[in-house]
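Each chain, written out:
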Amino acid sequence: MSTAPKTLEEVDALEGSPVLVGRPDDRALSESLLEPVLGPTRKGWLMLVGALLVGVSYWIVSLIFTLFLGIGTWGNNIPVAWAYDITNFVWWIGIGHAGTLISAILLLFQQRWRTSINRFAEAMTLFAVAMAGLYPIIHLGRPWLFWWLIPYPATTQVWPNFKSALPWDVFAISTYGTVSVLFWYLGLIPDLATARDVAKTRARRIVYGILSFGWRGSARHWQHYRIGYLLLAGLSTPLVVSVHTIVSFDFAISQLPGWHTTIFPPYFVAGAIFSGFAMVMTLMIPARRAFGYQQVVTPRHLENMAKVMLATGLMVSYGYVMEHFIAWYSANGNEQFAFLNRWTGDYKWIWYMQLFCNVLTPQVFWFRWARRSEVVLFVASILINVGMWAERFVIIAVSLTRDFVPSSWANYYPTWVDWGLLIGSISMFGLLFVLFLRFLPAIPIFEVKELRRELEHYGPGVHHQGPAEVAR
Amino acid sequence: MPPLGLPIYGQTSGSLEARRWRTLEERERGPQDPPPGEFPENAQEAPGGFTRRSFLQVLGASAALAGLEACQPPREKLIPYVRPPEAVTPSVPSAYATATSDRGYALGLVVTSWEGRPTKVEGNPDHPASLGAADAVRQALVLDLYDPRRLAGFRRGRRDLSWTTALAELSALARGHEKDQGARLRFLVEPTSSPTLADLRRRILERFPRARFDAWSALGDREAREGARIAFGRPLEAVLALADADVVLSLESDFLAVVGDHLRHARVFAARREPGKLNRLYVAEAGYTVTGGSADHRFRMRSQEVLPFARAVAAELAKAQGLEKLAPLGAAAGADRARLAAAVAKDLSRARGRSLVVAGAGQPAAVHALAAAMNDALGNAGKTVAYREPAVFDPSGEGTGLSALAREIAAGGVDTLVVTAWNPLYTAPADVPLRTLLAKVKSSIVLAYRDDETVRAATFRLARAHLLESWGDLRARDGRATVIQPLISPLKESATEVDLLAAFVGMGDRGTYRIVKDGWRARLGFGPPPPPTAGSAAAGNPVDSNKATPPDPFERAWEEALAAGLVKEARPASPVVTATVDAGRVAQALGAARPEPAGLEARFVLDYGVEDGRGYENAWLQELPDPVTKLTWENAAMLSPQTAKRLGIASGDRIELSRGGRSVAAPALVVPGHADDSVTLPLGYGQKVHGAVGGGAGFDAYALRTSDALAFGSGLQVTRTGDRGELAITQGHFGMAGRAIALALDAEELPKAKAELDEHRGAEATILGQVDYSGQDYRWGMAIDLSRCIGCAACTLACQAENNIPVVGKKQVIRSREMHWLRVDRYFEGGAEDPKSVSQPLACVHCEMAPCEYVCPVNATVHSDEGLNEMVYNRCVGTRYCSNNCPYKVRRFNWFDWHGTLEPIVKMHWNPDVTVRARGVMEKCTYCIQRIERARIGARVAGRKIGPDEVVPACAQACPAEAIVFGNLNDPASKVSHLHADERRYDLLHELGTRPRTAYLVRVRNPNPELA
């Protein structure tokens, strides 16, 4: 490729819209990006919080019923001992994957477009993991004993059973949660310092001052920060793959037709990224409008995310095809029946919905206009979220409804508590997110500033060049 | 724990009493007089001379006579362990023989008791009606005992009475009837064979010659006895000898599960279901029954078509098989039925003297008479069927008496009606207006266990003591008697039927125990007890006395009778008689039979769980899946798929059933194999007066049942109401989806099926290391013979009672959360119209490579050295992963705290050897590990190994068909080892490599090649 400088228009034509519109100066960036945090409380925001609190109350009531009366308040039964609980768990964990992928893997691959959305995605990861982590605990028959899954030197000398995938889950999720928190918080520190510096009230200065751990922006600080951030990115990268792989083992190591599938790890990881990007999209499109982030979150970002969704959506579709192929190829009647049951059984509408949402919907992203249309993206991302939830439900609950011995077959119907834990957790997630948008800088200001400088220095199109080329 | 309110028995005087206290409250208040009626009999007359020494004597004696301790109480009292007797080890249960009434006859039981607390009802192996087995209904008796809502005390109008006052008032009432010789005194009782009750009835009739006893039960054996009267001129009891019957034709008789000595029938029938010994069973019936499910050929026909079919068989026997005697009885049928009849007749005739025709209890007398005639002509009488004088009294009056009684009451001819039959106001035919009539009776005295419609209408009600609290006696069908002995003193103030009837002859204050015992003293020909050597107090209280008494020879006989559960009598009470069939009368009865009307037929049958309704408040029976439909907690109008289609009805639709101007709304249930144009209506549900358990569930089929159609009748109208409801059915899928689950083969296929069966047994290739159990002393295993299993679900209930399995209620059953560790799966083979059926008991199969174990994150389910798949409740956190990975889905989860809300008295039925599981833990079949451990303790103490067949789990013990066998697979002598090596053995889901310890034996059918 020629290194001859191109005009902005040329680049735009070749690469789509820029990752940063215009060349605002540092002060303008700080002001505009901190405006949601430091500005006055908006009515719309309060109304949204109020609405979400209603959902959260439903969630709390459902939790109280679950914990005090038992999980019999759910619709689970024998044979469907796992249903909404684990479906929700896997769904939330999957959603969490986008954050880590954007922050860590795209960082390592030096994808500049990640810059303005990474914190947003990380926060989403964090809240999604928090929601996800709840389910394995409350779904226990005796949740107060959840710590028995943790290997600790008990006087009873009884250890967890390491053959079971569930203790692996404990490690995977707790590691993932911890690293996500660290990664997110480390990235926040310079911006917390910015917020401290520009805050107008004393209280805020103190709070942000404490939160920013005395960041002064010295070269040494930056050096340590860079090392730490890269290290954490390196640590997080395998987690993107490992967490959902291990979650998929919960099913793959069993012998239930529909669960017992070796394709699960890659298929689950692809699905996780698929749903995670869809969730980022679902949240980003309204947030971008409401908080005026269009300058830093440009159609370019949206388009790139749409491309990721298209790619992972195709992987997921491949997974569906392969599951069916293997079921046929295995010549195992039970296996074949399990997949036939998806098409013809009592829950076939959920399966059709899943196919529509996960296979057909992302196909619109082959079209440039669709990738650039906020409306299409928003609707598609919601459909994908629904579809991915349906996928987990079909895998987990529908497989359980029809296993080996026909006499034990039974269907599953959710109760109001099941719905409360699903709708309520979405509300809680939303509430946390809305609070995050209000009180913390959702766009990494310093990174955008850095990006602006890089763009200024190297000119547009520079992100096509590797570091070596740049040095030359 | 709050006080249970258990009365503690003892005497009320003497120095001992001063030190004794019942409750902490009493201890603080100081001893008080017992409230009136605290003790059922005579307690107010406190005997003197009861000393510590005599007390210990009694305790020592009772302890020494293992198995007899309850039989020799001081006076009528049962002695609790106020001071622990030295020879009794707490935590070691004892067992007592007793009996319950099954259609008036004795069914011998052995009841397990823990320090005076009965917990488990089992069959008495020595009793001819049980042979060690017990059906679900009998086993559920123990739950009734601890029903917190049972009646207590005696009440006349609005006055609560003590037992003494009640007795005084009963005596006064009786005296009032003396002047007209009891012309206005009537008794409504259940048919019974009790010699004591027979004596009392005789004495009552001596005192009141114009009084009358009318027997009534909802679905008794009246038609059978009437049929015998037609055939033989007198009501005789047909006792089947199925062991010798090669070919059996059942004319809608459910002889394996309901009628006759069904437990014995099942035992000997099952013994003939092994290859080489196969008999052949033809069943002609409308609704699918347990017997129909065991048939080689099941002919689906409406109940009213059974008689023409039987006549067609008779005609074929006469025409083609040369039994000329039957010619006047036969009548040819349509071409379809004629082909079947010809084949059946040929088969019956081929096995002359080794065949059997059985008529069902619901079939009219003419069918019974015809069956008797066919058995006679085939030379079966005396060989496969024996006729005995019935031991129940007024054997034929049963049923007809009720209408007569109603007429008398309507005419104002009855002043006092004593009701000991179960809830006749509910069970009476719809055209007998007993409900309105009872108000016309001045004194209606009702003895009942629970509140019901009859109790509410009564002017004088008496709480009935539970069977396990009562003395009594009953005879088996072969005439042998059993003394009913109590296991516990009455938990609530109550009386027995003997007490009540005795009150009418001035013996009410003697108490059941003495009446029964003295009766047997006389019946066995012993003289009166020798007088004590000295002391006036001792004379009134011979056993309690510390004065020496000379030995009473009767005591030994009495104790032996109690211990064995059978009385040794010199002369059998119901001898086998030879009876000749009067073909003329049979022909006359057949000729008088009504022609077959068209239209929908209504059939009234006993429910397999609640029977005629008396099990309605028993949660175990309510939750026990029906052996055929797997329906729980309610009844439903059952009809065939084709009829349902014609009427536009689906399972769960609410339909309006009307017949003769009466109507009732019921849920519909489509049952494969049901006869077309016939609707089966199980009785016993929809009770208006009910407790929390029954809860008014189901519909009242009695509302449509009239005197002329007690078992079936035509003229049923069915309309859809448009409503739907959900039925609590535990098995939603009756097909096997083409999988090898419950295997059944025809006898001739079996030798060729080895290759096919080999795919379902033997070692499966694996890369996993396998545990070698050959070095262990014990390798526990089970074998379930599907060929023997009749699907009666006795095992399910035995497991429930043994293992403290909770009931969960209808809503939870609909949510598929029933807790039965052992379920009996029923599969239909063939088309929905006329399928064959296989029943398959399925509990944890204790896989050697258990899929549940490796997925448990906390090691809560692990393997024992002897190969048991163990569940550690304490360790379980409730991830339920084990259940998800269990291919047999036999694990059960405590979704709620099922036990927390139980009243303390209900908790008394728990087996102390078995943990009561908390909320949030998984549970499943343990192979009755508590029984294994108990056997191990016994063996260790004796310094030996556990015998090969020594451990019998609850399911195997209850199974009437001996289909379930448990034992040590490492002992080649054990029964289970032989069965595991049987040619019919296969492993369920063998291809998964789970290596289950429970093996199944293929069901073998023996179809008639002519009907292929």
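Now for a quick tour of the structure.

Let us look at the pairing of strand S22 (residues 653-659) of chain B. Looking down a regular strand, the side chains alternate between one sheet face and the other. Residue and element names in this part refer to chain B. Across the two faces of S22 the burial differs, with Asp653, Ile655, Leu657 and Arg659 buried and Arg654, Glu656 and Ser658 not buried at all. In this sheet, strand S25 (residues 712-724) lies alongside S22 in antiparallel orientation, the contact comprising six bridges. Counted as the bridge partner of Glu656 is Thr719 from S25. Sheet analysis places S22 next to strand S23 (residues 662-670), joined by six bridges and oriented antiparallel. For Arg654, the partnering residue across the bridge sits in S23 and is Pro667.

Inspection of the entire model under this criterion finds 67 aromatic pairs over all chains. Measuring from ring centre to ring centre gives 5.9 Å for Trp147 of chain A and Trp148 of chain A, while their planes differ by 80°; the resulting arrangement is edge-to-face. By relative accessible area, Trp147 of chain A is classed as partly exposed at 35%. Relative to Phe436 of chain A, the ring of Trp184 of chain A lies with its centre 6.0 Å away and its plane at 45°, an arrangement referred to as tilted. Of this pair, Trp184 of chain A sits in helix H6 (residues 165-198) while Phe436 of chain A sits in helix H15 (residues 416-439), placing them 252 residues apart in sequence. A residue is classified by how much of its surface remains accessible, and Trp184 of chain A, at 11% relative accessible area, is buried. Three or more aromatic residues joined by ring pairs make a cluster, and in this case those are Trp82, Phe251, Trp259, Phe264, Tyr267, Phe268, Tyr320, Trp343, Trp349, Trp351 and Tyr352 of chain A together with Tyr881 of chain B. The ring of Tyr288 of chain B carries the charged tip of Arg298 of chain B above its face, separated from the ring centre by 3.8 Å.

All names here are of chain B. Under the definition given, this model contains 12 cavities of 30 Å³ or more. Reported here for the second largest cavity is a volume of approximately 570 Å³. With three residues, the single largest contributor to the lining of the second largest cavity is strand S20 (residues 600-605).

Position of Thr629 of chain B among the secondary structure elements: in the loop between helix H23 (619-623) and strand S21 (637-639). Dropping the residues within four chain positions of it, Thr629 of chain B is found in contact with Met638, Leu669, Val671, Ile729 and Phe734 of chain B.

Our focus in this paragraph is the interface of chain B and chain A. On the side of chain A, 56 residues touch chain B, which itself brings 51 residues to the contact. Interface of chain B and chain A: buried area, both sides summed, is about 4,300 Å²; carbon and sulfur atoms make up 53% of it. Contact with chain A buries surface across chain B, with Arg739, Tyr881 and Arg919 of chain B losing the most and accounting together for 17% of the total. The tally of links between chain B and chain A comes to two salt bridges. A salt bridge links Asp85 of chain A to Arg880 of chain B; the nearest nitrogen and oxygen atoms lie 2.8 Å apart. Residues belonging to the side of chain B that touches chain A are distributed by class as follows: 24 nonpolar, 14 polar and 13 charged.

Reading the values: rules and limits
Residues numbered from 1 in each chain as written. Chains lettered and ligands numbered in written order. Predicted model: local features only at pLDDT ≥ 70, side-chain atom pairs only at ≥ 80, totals over all residues. Heavy atoms only, no water. Buried < 20%, exposed > 50% of the residue type's maximum accessible area, 1.4 Å probe, protein only. Helix = DSSP H or I, 4+ residues; strand = E, 2+ residues; numbered from the N terminus. Pairing = 2+ DSSP bridges. Phe/Tyr/Trp six-rings, centres within 6.5 Å; stacked < 30°, edge-to-face > 60°. Lys NZ or Arg CZ within 6 Å of the ring centre and 35° of its normal. 1 Å grid on protein atoms, 1.4 Å probe; cavity = no way out; pocket = protein on both sides within 12 Å on 5 of 7 lines; lining within 4 Å. Points joined across faces, edges and corners; volume = space filled by probe spheres on them. Contact = heavy atoms within 4.5 Å. Buried area = accessible area lost by both parts, 1.4 Å probe. Salt bridge = Lys/Arg side-chain N within 4 Å of Asp/Glu carboxyl O. Nonpolar A, V, L, I, M, F, W, Y, C, P; charged D, E, K, R; others polar.

Bear in mind that shape data such as this cannot, by itself, settle questions of function.
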